[in-house]
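What follows is each chain in one-letter form.
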Amino acid sequence: MKKYECTLCGYIYDPEVGDEDNGVKAGTAFADLPEDWVCPLCGAEKSDFEPVE
Ligand SMILES: [Zn+2]
């Protein structure tokens, strides 16, 4: 699964790690994150993330 980077602060969402602090289990693809999920560091919306090649 692809990692996604926050274009505002550089936070990397890694599907293998998830975002447990915000209720996102490890193994959750970026596309499967809830629409109201935001960057845990800066609060940016999903649309502010880009795939990491
Ligand atoms: Zn961010």
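Residues numbered from 1 in each chain as written. Predicted model: local features only at pLDDT ≥ 70, side-chain atom pairs only at ≥ 80, totals over all residues. Heavy atoms only, no water.

Asks: An account of the UniProt feature "binding site: Fe cation" (unreviewed entry) in the protein chain is needed here, citing residue identities and associated values.
Replies: Mapped onto the present numbering, the UniProt feature "binding site: Fe cation" (unreviewed entry) falls on Cys6, Cys9, Cys39 and Cys42. In summary, the annotated positions, though distributed over 37 residues, converge in three dimensions, the widest C-alpha pair being only 8.9 Å. Mapping Cys6 onto the fold places it in strand E1 (residues 4-6). Judged by its relative accessible area of 1%, Cys6 falls in the buried class. Residues contacting Cys6, with those up to four places away along its chain left out, are Tyr11, Cys39, Cys42, Ala44, Asp48 and Phe49. By the secondary structure assignment, Cys39 is in the loop between strand E2 (12-13) and strand E3 (49-51). Dropping the residues within four chain positions of it, Cys39 is found in contact with Cys6, Cys9, Tyr11, Ala44 and Phe49. (UniProt positions renumbered as here; feature names shortened; annotations may be inferred. Helix = DSSP H or I, 4+ residues; strand = E, 2+ residues; numbered from the N terminus. Buried < 20%, exposed > 50% of the residue type's maximum accessible area, 1.4 Å probe, protein only. Contact = heavy atoms within 4.5 Å.)

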